[in-house]
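# Structural description and commentary
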Amino acid sequence: MKKLLIALLLVTFTTPFVRSDEGMWIPLLIEKFNIEIMQEKGFKLTAEDIYSVNRACMKDGVMIFGGGCTAELISPEGLLITNHHCGYGSIQSHSSLEHDYLTDGFWAMSREEELPNPGLTVTFLKYMEDVTDRVMNGVNKRMSEDEKNEIIEANISAIVAEATEGNHFSAFVRPFYMGNQFFLFVNETYRDVRLVGAPPSAIGKFGGDTDNWMWPRHTGDFSLFRIYAGKDNMPADYSEDNIPYEPAYYFPISLNGVDEGDFTMVFGYPGGTSQYVPSYHISMLTDYIYPKMIELREKKLDIIKEDMDADPEVRIKYSSKAASISNSWKRWIGEKSGIEKLGTIDKKKEFEKEFTAWVKEKRKREKNYGHLLTSYKSLYEQMQEYSLVNSYTSETIGRSGVEAINMASAFIPLVEAVNNEVGDDELQIILEGLSSRISRFFHNYNMPTDRKLFVAMLELYGKNLDEKWQVPEYKELYKSCNGNFAVIADDIYTQSVFTNHEKAAQFVSNFDSRLISELEIDPLYILARGVRVFLDERVRDKYIEVSGKIANLDRLYMKAQMEFAGDEVLWPDANFTLRVAYGEVGGYESRDAVYYTHYTTLEGIMEKDNPEIYDYDVPDKLKELYYAKDYGRYGQNGKMPVCFIADNHTTGGNSGSPVINAEGHLIGVNFDRAWEGVMSDLMFNPEQSRNISLDIRYALFLIDKFAGAGYLLDEMTIVE
Ligand code: ARG
Ligand code: ASP
C-alpha cells in the first residue's frame, strides 16, 4: 500500500499540475493545462469549444464592454447582456427628470426604440498568440534593464504593426508573468451599440452601495444592448442604416439552474490581480495607503449622499459618481479585513522564508535571486511614500478630486497655447475640445455639492499629507485664510468661470486671448496649475523610477517563483485580457456558525423591502408577481431564484462575464464578489472567495413578466 502511494505521488509530481479552482487561465493554453481538470469537474465540452481560431467558439460571443466590463451575445441578432452597473453610464446619459430611466427602467419595444450611445464600443478577440521569442529577440543577459526594455519595445511595435497591416483590427502585446512571457492580441471593435433594456435601479441596483460586495445578494444586475454593424456585418459608426450584427457565436441559455457542487466557468476580462507580490506590497496597501484613502472617500461619500438624498436632480447627476467612489472604498475595507483575518502578510512572510531557504541551496540561485527581497524592502519604503502622495493629491485637489479644480486644469493647455502664441487652427481645436468637455462636465455638476467637497478635501489634504509633499500654491491659499477654507469657498465659487456652465461656455465661445489673465488669477486655476507642476516636477519622475525598479525585480521574482513552484503551473496575474476561471457552485461559512447557502430568491427581496429607502424600494409590479407567484417557466419549486455564488476566481472587469455550465450554456451573469473573500486579488481563499452571479432565469423573468418585453426572448436560444 505504502509503495503504491509513493508511486502515485511520484506520478502526480512529475506531470504539470494546477491548484484546483484558483486562477484566471489563458484561453489559448486551456488545452495544455486545464481542460482535463475541467472535465473531471464535469465540463462536457472541449478546449476548442472555448477558444479556437479555426472555428466559431465561445470566445466569439464574449466582448469587452465599454472601458472595463465584459458582455456576451445571447442572440444571432447582436443582442448582448451585461451588468446594469456596466450599462449604468449609458442608462444615465439618456435619463432626465422627465425620462428617469434609472428609476423607472427602460425597455425598447421595437428595434426603432433602441437608443444609440456615442462613444460606447464592444471589442472582440480575433486571436491571440505567444510572441515571447520575437519580443525577446536581441535581448541578452549582459544588457542593462533599460537597454533590454528598449529592444523589447521596438520588437513589440514591429509585431503590432505587422498584425494590423492591411486590416481594420487593432492589436497590442501584453506582458504575462510580470514580463516573462508575451502575448499578442488582435481585436475587432464595433462602434454602434444601442441600449435595448434595463430594469429600474430598484432591481438592477437593488441594495445599492449597502449590499455591494456582499452576500446574500438580491441585485438584478443586468442590462441589454444590441450591436449594430454596416451592411457587410463589419464595424461602422452609428448610422440609421446599420443593421443588427450577426455574430459567429452566441450563448444558448439554460433554464436548468444550479445545484451545490455544479461545474461553472466564467469567461471574461479580469482587470488586474497581484498574487505574486512580496509581503511589503501588501503591507504598503493595508497599513499605509488604504487607511488614508478610506477616510478620504468616506468624507466624499457623506457629502455627496447628503445632497443626493435631499434633491432628486442631484441624485441623478451624482449617482454614477457616488457608486464608483463607494465601490473601491468598500472593497479596500473588505480587502484589509480579509487580509488581516487570513493572516495574508504572515503567510507571505512564511513563503518568503521558504523561498529564501530554497535560494540559499544553490550558489547560482543565490547569485540570481539572493538580493530580491532585500532590494524590495528598500524600494517599497520609497514606493509607499510616492504612491500615497500621488493618490492622495489626485483624490483631493487633483484629477479625481474637487471637480471645479479638475475643470480648471482642463484650461491649462489653452493658457499655454496662448502664451506660446500658437496658430489660430491649433487654438480652434483646443477650444472645440474644451467646449464639449464643458457641456459633459456641467451635465452632471452641482455647484453647492462641489463647494462642500472643496472645503473638505482641502482640509484633509493639509491634515494628512506631510508638509514636504504639499503643493506650494496650496500652502499659500492655506495661509491666506488661515486654513479656514469654508470662509473663502463662497467667494471663489461664485466668481470662478469653472463652477458656472454659462460663464464657462461663454468664455470659450467668445474667446479672446486677452481674457487669459482672468483665468490666471482664479484661485482654482492657480491651484490646478500648481498641482500639475508639482506632480510633474517633484513626484512623477521619482515615482516612475521607483516603480520601474520594482517592475524589474518583479520580473525576476516571478521567474524565481515559477522555478520554485516546480511542476505546479502558476496562473499569470490578470491584465485585462480574456481569461477562463472555473470552479463549482457552493456556499461558504461567513463567520463562526454562520453558513451561507449558494443561492438567493425573490423571498429575500421581499424581506429587504423598505419603501423609505431608495435602494430597497421594491417596485409594485414585482410585488404583484411575487404575491401571484407568477414565475412561469423561470421559477423553481415555487420560488424565483435571483443570484448564486461559486468559487470561480474573478476580479474587477469580470463584471458582465458569462457564467457557463457543464454543457456550455449560459446560466448566469457575473457581477460581484462576496465580502469575506474579496481579498482574492491579493490572495485567493478557497474557503471564502466567491463570485456572485445573477441567475439568468431572474433576468428572463424580468424581461418577460415584469417588463412585458418577452418578444426579446424570441431571438434567444433557450434550453429547458
Ligand atoms: N462591486 C461590484 C464591482 O466591483 C459592483 C459595483 C457596482 N455597484 C455599486 N453599488 N457601486 O464592480
Ligand atoms: N464588480 C466587479 C466588476 O465590475 C467584479 C468584481 O470585482 O468581482 O468587474
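This text goes with the structure placed above it.
Residues numbered from 1 in each chain as written. Chains lettered and ligands numbered in written order. Predicted model: local features only at pLDDT ≥ 70, side-chain atom pairs only at ≥ 80, totals over all residues. Heavy atoms only, no water.

Right, let's get into the overall build of the protein. Within the protein one finds 27 helices and 22 strands. Its C-alpha radius of gyration of 27 Å places the protein within 12% of the 27 Å reference for a compact globule of 720 residues. Relative to its full complement of 720 residues, the protein shows a buried share of 55%. Carbon and sulfur atoms make up 50% of the accessible area of the protein, which totals about 31,300 Å². On the protein, the mean spot of the 75 positive side-chain charges and the mean spot of the 111 negative ones are 7 Å from each other. (Helix = DSSP H or I, 4+ residues; strand = E, 2+ residues; numbered from the N terminus. Rg over C-alpha atoms; globule rule 2.2 N^0.38 Å. Buried < 20%, exposed > 50% of the residue type's maximum accessible area, 1.4 Å probe, protein only. Areas by Shrake-Rupley, 256 points an atom, 1.4 Å probe, with all protein chains shown as cover. Lys, Arg positive; Asp, Glu negative; His and termini not counted. Charge placed at Lys NZ, Arg CZ, Asp CG, Glu CD.)

The subject of this paragraph is the nonpolar core. Judged by nonpolar contacts, the single largest core of 97 residues is most densely connected at Phe355, Ile405, Phe411, Leu414, Phe454, Leu458 and Leu524. Here the element with the most residues in this core is helix H24 (residues 523–564); it accounts for 13 residues. Aside from chain neighbours lying at most four places away, what touches phenylalanine 454 is Val402, Ile405, Leu477, Ala489, Ile492, Tyr493 and Leu524. Of all hydrophobic cores here, the second largest spans 88 residues; its members include Phe43, Ile74, Phe576 and Val618. (Core = buried A, V, L, I, M, F, W, Y, C linked by side-chain atoms within 4.5 Å. Contact = heavy atoms within 4.5 Å.)

Further remarks concern the pattern of salt bridges. Enumeration according to the criterion identifies 44 salt bridges in this entry. Two residues, lysine 317 and glutamate 313, come together in a salt bridge whose shortest N-O distance is 3.8 Å. Pair noted here: lysine 317 and glutamate 313 are both in helix H12 (residues 312–342), with a separation of four residues, about one helical turn. For lysine 317, a relative accessible area of 18% corresponds to the buried category. By relative accessible area, glutamate 313 is classed as partly exposed at 39%. (Salt bridge = Lys/Arg side-chain N within 4 Å of Asp/Glu carboxyl O.)

Where like charges cluster on the molecular surface, the negative patch consists of Asp146, Glu147, Glu150 and Glu153. Positionally, glutamate 153 belongs in helix H8 (residues 145–164). Under the relative-accessibility criterion, glutamate 153 is labelled exposed at 55%. (Patch = residues over 30% accessible without salt bridge, like charges linked within 9 Å, V, L, I, M, F, W, Y side chains within 5 Å.)

Within the structure, ligand 1 sits among His85, Lys205, Gly208, Asp209, Asn212, Trp213, Ala323, Asn327, Ser655, Phe671 and Asp672. Within the side chain of aspartate 209, an N or O atom sits 2.8 Å from a nitrogen atom of ligand 1. Between ligand 1 and aspartate 672 there is a distance of 2.8 Å, counted from a nitrogen atom to a side-chain nitrogen or oxygen. Of all elements in the fold, only helix H10 (208–211), H12 and strand S20 (666–673) reach the threshold of two or more residues within the shell around ligand 1. (Near = heavy atom within 4 Å. Polar contact = N/O pair within 3.5 Å; in protein donor to acceptor, adjacent residues only side chain to side chain.)

Right, let's get into the pairing of strand S13 (residues 263–268). With six of its six residues buried, S13 lies for the most part within the structure. Neither face of S13 is left uncovered, since the one carrying Phe263, Met265 and Phe267 and the one carrying Thr264, Val266 and Gly268 both have all their residues buried. Where S13 meets strand S14 (residues 579–584), six bridges bridge the pair, whose relative direction is antiparallel. Within S14, the residue paired with phenylalanine 267 across the bridge is valine 580. The pairing of S13 with strand S19 (residues 658–660) spans two bridges and is antiparallel. Bridge pairing in S19 places methionine 265 opposite isoleucine 660. (Pairing = 2+ DSSP bridges.)

All residues in the neighbourhood of ligand 2 are listed as His85, Trp213, Thr651, Gly652, Gly653, Asn654, Ser655, Phe671, Asp672 and Arg673. In this structure, serine 655 approaches ligand 2 through a side-chain N or O atom, which is 2.4 Å from an oxygen atom. Between arginine 673 and ligand 2, the recorded distance is 2.8 Å, taken from a side-chain N or O atom to an oxygen atom. In isolation ligand 2 offers 270 Å² of accessible surface; the protein chains occlude 91% of this area. Ranked by the residues each element gives to the shell around ligand 2, the list is headed by S20, at three residues. When its residues are assigned to classes, the shell around ligand 2 shows two nonpolar, six polar and two charged. (Nonpolar A, V, L, I, M, F, W, Y, C, P; charged D, E, K, R; others polar.)

Another aspect to go through is a positive patch on the surface. A surface patch of positive charge is lined by Arg399, Arg437, Arg440 and Arg532. Of the residues examined, arginine 532 reaches a relative accessible area of 36% and is grouped as partly exposed.

Tracing the backbone through its elements, the reader meets glutamine 506 in helix H22 (residues 501–509). For the pair glutamine 506 and serine 435, spaced 71 residues apart in sequence, the C-alpha to C-alpha distance is 9.4 Å.

This paragraph deals with helix H20 (residues 472–481). Within H20, burial applies to Tyr474, Leu477 and Cys481. Taken around the axis of H20, the buried residues stretch over an arc of 65 degrees, which confines them to a single face. Residues of H20 that are exposed and point more than 90 degrees away from the buried face comprise Glu476 and Lys479. As for H20, its buried residues are in contact with helix H19 (447–464), helix H21 (485–495) and H24. Positive backbone phi, approximately 60 degrees, marks asparagine 482, located one or two places after H20. (Arc of directions from axis to C-beta.)

Let us look at the side chain of arginine 226. Mapped onto the secondary structure, arginine 226 falls in strand S10 (residues 223–229). According to the relative accessible area criterion, arginine 226 is buried, its value standing at 0%. Looking at arginine 226, its side chain comes within polar contact range of the side chain of glutamate 715, at 2.9 Å.

We now examine H24. In the structure, H24 departs most strongly from a straight axis at valine 539, where the bend amounts to approximately 45 degrees. One side-chain oxygen of the residue at the start of H24 lies 2.8 Å from the amide nitrogen of leucine 524, identifying that residue as aspartate 522. Positive phi appears at glycine 566, one or two residues downstream of H24, with a value of about 65 degrees. (Bend = angle between axes of the 7 residues up to and from the residue.)

A complete count under the given rule lists one disulfide for this structure. Residue pairing for cysteine 69: its cysteine sulfur links by disulfide to cysteine 86, the two sulfurs lying 2.1 Å apart. For the disulfide bridge between cysteine 69 and cysteine 86, the dihedral angle about the S-S bond is near -75 degrees, and by the sign convention the bridge is left-handed. With cysteine 69 in strand S2 (residues 69–73) and cysteine 86 in helix H5 (residues 84–93), the pair connects residues that are 17 residues apart, well separated along the chain. Overall, the relative accessible area of 13% leaves cysteine 86 in the buried class. No disulfide involves cysteine 643; its sulfur sits 14 Å from that of cysteine 86, the nearest cysteine. Given the relative accessible area of 1%, cysteine 643 is considered buried. (Disulfide = S-S within 2.5 Å.)

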